[in-house]
Amino acid sequence: MDTIEIPALNRPVDATVEIPGSKSLTNRALLVAALAQGDSILENALFSEDSEYFAKCVEQLGIPITLNPDLAQIQVAGRGGDIPAKQADLFVGLAGTAARFISALVALGNGEYRLDGVPRMRERPMGDMLTVLQTGGATVNFEGNSGFMPYTVYSQGFAGGNFRLKANQTSQQLSALLMIAPYAQQDTSIEVEGTLVSQSYVKMTCRLMADFGVEVIQIGDNQFQIKAGQRYQARHYTVEPDASNASYFFAAAAVTGGRVRVKHLTKQSCQGDILWLNVLEQMGCQIKDSDDYTEVTGPKQLQGIDIDMNDISDLVQTLGAIAPFASSPITIRNVEHIRYKETDRIKAVVTELRRLGVKVEEFADRLRIEPGPITPAAIETYHDHRMAMAFAVTGLKVPGIVIKDPGCTAKTFPDYFTRFFKMIEQ
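Residues numbered from 1 in each chain as written. Predicted model: local features only at pLDDT ≥ 70, side-chain atom pairs only at ≥ 80, totals over all residues. Heavy atoms only, no water.

Draft legend 1. Local environment of the packing of helix α1 (residues 23-35) against helix α5 (residues 172-180). One can describe the packing of α1 onto α5 by two numbers: an axis separation of 10 Å at closest approach and a directional angle of 20 degrees. The angle between α1 and α5 falls in the class roughly parallel. In this structure, α1 crosses over α5, and the sense of that crossing is right-handed. Listed contacts from α5 to Arg28, Leu31, Val32 and Leu35 of α1 are Ser175, Met179 and Ile180. For the contact of α1 with α5, the per-class residue count stands at five nonpolar, one polar and one charged. (Axes fitted to C-alpha atoms, helices over the stretch in contact; angles between N-to-C directions. Helix = DSSP H or I, 4+ residues; strand = E, 2+ residues; numbered from the N terminus. Parallel < 35°, antiparallel > 145°, perpendicular 65-115°, else oblique. Left-handed = near helix turned anticlockwise from the far one by under 90°. Contact = heavy atoms within 4.5 Å. Nonpolar A, V, L, I, M, F, W, Y, C, P; charged D, E, K, R; others polar.)

What follows is the structure in structure tokens.
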């Protein structure tokens, strides 16, 4: 469908839902399982455009993968750090994780590997990581602008050593380098220059590496050391439900004053976006946590907040979509790096809120949203899955909200609207 109209509710949501596996964990697990020796099975893995692009790239590199979407299961026949293919033409779509992680993975190979993506992917920053890979022995030939796709990586293994990396636009480049570092020819030390954005995703990377048997030594906030010679161990690994995608269902409880329980996701999650629960708590929601679910109950009136969202920046759109219903303004700070995501997310949120008649101030690294009445409109989604999912929540409170290009959610949550409508029908 070209558009979906969201049915406004005249009652609180009251539902129990299940969320597919985390995109971030699925793609990290795919990479480390490909480097492990032997067969790993990933349970509750995410099947979406991003993860399928990633899996196809790994297969093209000669590492067998068996997909079983009916069981949400992926089997990876790891080759112990070997990249069998000596040549590959790899397409990553709009998957930032695939772009960065696969670029790092092929640096361990011995051959030539061309990488490209959709037009927007050609605008997303890659250069800082590629500079490290070049220092570590790879040669990169750019077909267009230096530091951006498309390019070909000529590799003869990754030397390791001491590196400095800028990570002020995305943490994915650091995560990619950390995950390949155990297979370098010598110990690797990475010092991050300046402020590391989205630190929670780096913590997730280190925790997943530990789950597969590799230790990262972190010194302070900005230095990471990985001993060469460590090896990932093949294993059964269960992927947690996606905390970022759960945010929309929790937000539905928040704006309607209702209750939503998400099964199999708890505050002990290794995903940084579980901190969305703290945001909702500050806005007046009640949180109930058990060893197998988390439940949010919304208040009669959400409260405004002033919040630094650098560490949970994938949730800026979720907060932006519910901000007009708060009792006082909401200020979202320190998120300039989200201008380099699937779209310029600050500009997109500001534009669509203004389309709805909401007063918003835009700054380079933040935005301030005034609560107020909403005029129904059709929401542009800019090929960004999070725009579609977030503003669907707005539609629960305002009749006449239409989401354009709802199919863009296939990037990380193909059946999002099916589950969303099922939630409001309970």
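Once you've had a look at it, read on.
Draft legend 2. Representation of the sheet that holds strand β6 (residues 87-91) in the model. Pairing in this open sheet of four strands is mixed, and the strands run β6-β7-β9-β8 from one edge to the other. Two strands close off the open sheet at either side, each with one partner strand: β6 and β8 (139-142). Adjacent strand axes in the sheet meet at a mean angle of 15 degrees when their direction is disregarded. Across five bridges, β6 lies against strand β7 (residues 110-116) in parallel orientation. Looking at the pairing, leucine 90 lines up with leucine 115 of β7. (Pairing = 2+ DSSP bridges.)

Draft legend 3. Region of the structure containing the UniProt feature "binding site: phosphoenolpyruvate" (unreviewed entry) in the chain. According to UniProt, the positions carrying the feature "binding site: phosphoenolpyruvate" (unreviewed entry) are Lys23, Gly96, Arg124, Gln172, Arg345, Arg386 and Lys411. Lining of the largest cavity among the annotated residues: Lys23, Gly96, Arg124, Gln172, Arg345, Arg386 and Lys411. Inspection of the secondary structure puts lysine 23 in helix α1. The exposure class assigned to lysine 23 is buried, which follows from its relative accessible area of 9%. (UniProt positions renumbered as here; feature names shortened; annotations may be inferred. 1 Å grid on protein atoms, 1.4 Å probe; cavity = no way out; pocket = protein on both sides within 12 Å on 5 of 7 lines; lining within 4 Å. Buried < 20%, exposed > 50% of the residue type's maximum accessible area, 1.4 Å probe, protein only.)

Draft legend 4. Up close: the pattern of salt bridges. Tallying each qualifying case throughout the model produces 29 salt bridges. A salt bridge links glutamate 352 to arginine 355; the nearest nitrogen and oxygen atoms lie 2.7 Å apart. Remark: arginine 355 and glutamate 352 occur in helix α10 (residues 345-355); sequence separation between them is three residues, near one turn of the helix. When its relative accessible area of 0% is taken as the criterion, glutamate 352 is described as buried. Counted as one network, the salt bridges with shared partners bring together Lys23, Asp50, Asp314, Lys341, Glu342, Arg345, Asp384, Arg386 and Lys411. (Salt bridge = Lys/Arg side-chain N within 4 Å of Asp/Glu carboxyl O.)

Draft legend 5. Inspection of the layout of surface pockets at higher detail. One number sums up the size of the largest pocket: a volume of about 250 Å³. Forming the boundary of the largest pocket are 14 residues, of which Glu49, Leu94, Val118, His383 and Lys411 lie nearest the centre. Looking at the lining of the largest pocket residue by residue, the classes come out as six nonpolar, two polar and six charged. Taken as a whole, the second largest pocket holds about 180 Å³ of empty space. Lining the second largest pocket are Asn168, Gln169, Thr195, Val197, Asn310, Asn334, Val335, Glu336, His337, Tyr340 and Asp365. Residue classes in the lining of the second largest pocket are distributed as three nonpolar, six polar and two charged. (Points joined across faces, edges and corners; volume = space filled by probe spheres on them.)

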